[in-house]
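So you can see what is in the structure, the chains are spelled out below.
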Amino acid sequence: MSDIAANYTKEKKVGEGTYAVVYLGKQVKTKKLIAVKEIKTGMFKDGLDMSAIREVKYLLELRHENIISLLDVYSSENGNLNLVLEFLPCDLEVLIKDKNIVFQQADVKSWMLMILRGVHHCHRNYILHRDLKPNNLLISPTGEIKIADFGLARSLGSPGENLTANVVTIWYRAPELLFGSRHYTSSVDVWSVGIIFAELMLRTPYLPGTSDAEQLEVTFRALGTPTEKNWPNVSKLPWYNSLKIYPPPTRNELKNRFIAASGSALDLMISLTQLDPAKRCSCEEALQTVYFTEFPRPTKPKDLPKKSS
Amino acid sequence: MTKKEQQKEKGDKEKKPVTTVDDLYRHSTQYRLWSFTENQLKERRTKVNVQGKRRALKKLKVFCERDDNDHKFETSRDLLQLVSEDEELLEVNYYVDVLQKLSSQVLKLPSQVRATAVAFLKRFYLVHSVMEHHPKKVLATCLFLAAKSENCFMAPKTLAEYLGSKTTPESILELEFTLVQALSFTMLCHHPYRALHGFLFDFQGILIHRHPNGVVVTRKDESTGEKKKLRIKINKDRIMKGYVAAREWADVSLKGDTAFLFTPPQIALACFLKVDEEMTVAYLTYKFVKDQHKDRQEEGGKEEEEEEEEEDSDDEDNPETKFDNDEEKDENKTEEEKQKAKEVEKEKELEKELEKEQHIQFYKKMIKTLRSCIRTMDSVRGPTLDEAKTIDKKVHYCINPDKLLKRKRQEGADGGQHDAKKIKLEG
């Protein structure tokens, strides 16, 4: 097993979390830059860390140009698990925050196209990511979006299986999760994509709640409070109670909120952020909307804005 | 859009065929790493067995050299009974059984977790021999990792308490990394359950909703043995009953080599075929042959349900549906036009025939695959209890040569009275 270790070098420690250390290194043969995520083992009473297991499990199944590639897995001499990942120097959050960069509509469209393609690939393999946010959308040196961090991913639930609602960073958390639903589907990821779409246009987080309770408030103030009328059975969800009722925004209000958005961009955003998960579109449907075929054409990845420095 | 652009787009579409569910499955690690032909499986097992024998002997040698009671390896090696390839497989099958009983009856785990634990155990023994790691120990780690990987976490301590006797949290965790490595880090397993559930709905869709007037099946007359076609109605209860029975067979399919040789939907259909052949054959013929033509007829604005009654073929493997297309007669057309129309019609007819033939070939191939899947499911052989005890003893001494040497010593000392030190088989 350790023969594989000799193929890679670890040169610089670039990050450390509770269960892993990330190094920057090279593939010896090709001199290609890589990242090695060394997962600490043997120090936990429950064995291999759950996030590490999920990450390896799902990344080994998924190969797609918009999903980070897991190049190799090996154990180092100290018995730790090492994931060799492609090196991705930037992420979408960095770009959103970089006020020196101007986003064109064609750029936003290009990112959305790549995000949706990657998420669609997860979904058609019955895998939910459950933690989509700009920070987890890495960017390759050639401008391609790569979905990363599958530490919270899971397979689509079986009928009757209970899933945990405590997933997704709260700003990107779908309303059914905020209500504590135990039976949800890939539509939780679609919601996150919708909120990321809004953030790409606004250049600031769309629904920045500071707590679970406030997240409900922020979400519904922006998008209207769900009721039995527009979301049948919503009141039966565990944490649906004593909500302040906000009316849904009119199209005009949304138009004013997203000044630069074209009609079809707005249509797509509305479909992605439907409160009722049953009404929310799928990635496949989103990819087939006019938004992606109408002018302007999406920017080629290599021509997309890069980190200014 | 200009014509050129349109053509280009059409060209692009042709270049990029639609990705099917089958394509996706072919990219899964289960297909890439853990699907085999029968020969490939045999080769792997031979290799693992050779490797196991070599390691067991080496281990014994090391102990002999270390042993102060001066056991010679040359004399001791005759005592060591190595496990044969067949015995190795029997031993694994035996512990698959133990694992299944334990996880369903004692731990009451969801089927997904049970199936994954079994898959882990079987995959592990395509990499390691039972002479290297005792299945009793490995199965505990398989259960632990499967539960963790399927979002059904169980603390090692809890699991150890359930498994009792020699299982400790440490012994479970000790092998976790070895197991993950043996699995080449692949942990996503596809089982027949999801496919079964899908077929439950599709059986209803095709056999009830699409054909509310019933479906034509071939039945053998009990007394005359003659095959006869008749139209029957299949109701929801029958489908549900089939589903429940098929699910039990899906549990059975986890044993043996079925999951290494067939895909989950194939196994699911084989289970249905096994429990209700008439209904499953009806589903398959309508889904893959008859309805394929019916779609075409509907497109042309015709639907000839009754035609099916006239079928003369009574071979289930040849579900041909006769259907004719009324020739279009139009008095106003000139002879030439008529001739042309006739030719076009003829060509279409030929194309349809070809397509029909393809559908029938596809169907035949599928039935053949499903029958072979059923044969595999039926051929699983577990050891008898005596066989299991004998093999288990061999395994025990291969892994613990020190105990073998100790026994030898005792036998030498008191004439073999302690020979019958039993190895308990749990489960």
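The model shown is predicted, which means the values in this text are computed figures rather than measured ones.

A. Broad picture of the domain arrangement of chain B. Residues and elements named next belong to chain B. Each assigned domain of chain B is listed here: domain 1 (36-189) and domain 2 (191-294 + 349-383). Inter-centroid distance (C-alpha atoms) of domain 1 to domain 2 is 36 Å. At the junction of the two partners, domain 1 supplies 22 residues and domain 2 supplies 15 residues. Both faces combined, the contact of domain 1 with domain 2 buries some 1,600 Å², and carbon together with sulfur accounts for 57% of it. If you sort the residues of domain 1 by the area they bury against domain 2, Leu90, Gln100 and Lys122 come out on top, with a joint share of 30%. There are two salt bridges connecting domain 1 and domain 2. One salt bridge connects arginine 45 with aspartate 257, and the closest N-O pair in it is separated by 2.7 Å. Counting across the domain 1 and domain 2 interface gives 10 residue pairs in polar contact (both at pLDDT 80 or more).

B. Representation of the interface of chain B and chain A in the model. On the side of chain A, 32 residues touch chain B, which itself brings 26 residues to the contact. Of the roughly 2,400 Å² buried where chain B meets chain A, counting both sides, 59% is carbon and sulfur surface. Summed over the shared surface of chain B and chain A, the result is nine residue pairs in polar contact (both at pLDDT 80 or more). At the level of secondary structure, the elements contributing two or more residues to the side of chain B that touches chain A comprise α2 (21-27), α3 (29-34), α8 (135-149), α11 (176-182) and α12 (192-210) of chain B. For the side of chain B that touches chain A, the residue count by class is 11 nonpolar, 10 polar and five charged.

C. The arrangement of the confidence of the model for chain B in detail. Residues and elements named next belong to chain B. Taken over all residues, the pLDDT of chain B has a mean of 84, while the share at 70 or more is 82%. Predicted confidence is poor over residues 415-427, with pLDDT under 50, and the contacts of this stretch with residues over four places away or in other chains come to 21 contacts. In the predicted complex, the global pTM is 0.87; the interface-specific ipTM is 0.91.

D. Broad picture of the domain arrangement of chain A. Residue and element names in this part refer to chain A. Assigned domains of chain A: these are domain 1 (5-86) and domain 2 (90-303). Spacing between the C-alpha centres of domain 1 and domain 2 amounts to 28 Å. Each side of the interface is counted separately: domain 1 has 13 residues, and domain 2 has 20 residues. A buried area of about 1,500 Å², summed over both sides, lies between domain 1 and domain 2, and 58% of it is on carbon and sulfur atoms.

E. Fine view of the pattern of salt bridges. Under the defined criterion, the tally for this structure stands at 32 salt bridges over all chains. Close ionic contact of Glu161(A) with Arg154(A) constitutes a salt bridge, the shortest N to O distance being 2.9 Å. Salt-bridge contacts for Arg371(B) lead to Glu277(B); the nearest nitrogen and oxygen are separated by 2.9 Å. With a gap of 94 residues between them, Arg371(B) in helix α17 (residues 335-378) and Glu277(B) in helix α16 (residues 277-299) connect regions that are remote in the sequence. Since its relative accessible area comes to 26%, Arg371(B) is described here as partly exposed. Put simply, Arg219(B), Arg238(B), Asp276(B) and Glu278(B) are held in one network by salt bridges that share partners.

F. Region of interest: the side chain of Glu132(B). In this fold, Glu132(B) is placed in the loop between α7 (111-124) and α8. At 3.4 Å, the side chain of Glu132(B) forms a polar contact with the side chain of His128(B).

What counts, and where the lines are drawn
- Residues numbered from 1 in each chain as written.
- Chains lettered and ligands numbered in written order.
- Predicted model: local features only at pLDDT ≥ 70, side-chain atom pairs only at ≥ 80, totals over all residues.
- Heavy atoms only, no water.
- Domains from an automatic or database assignment.
- Contact = heavy atoms within 4.5 Å.
- Buried area = accessible area lost by both parts, 1.4 Å probe.
- Salt bridge = Lys/Arg side-chain N within 4 Å of Asp/Glu carboxyl O.
- Polar contact = N/O pair within 3.5 Å; in protein donor to acceptor, adjacent residues only side chain to side chain.
- Helix = DSSP H or I, 4+ residues; strand = E, 2+ residues; numbered from the N terminus.
- Nonpolar A, V, L, I, M, F, W, Y, C, P; charged D, E, K, R; others polar.
- pLDDT = per-residue confidence, 0-100.
- Buried < 20%, exposed > 50% of the residue type's maximum accessible area, 1.4 Å probe, protein only.

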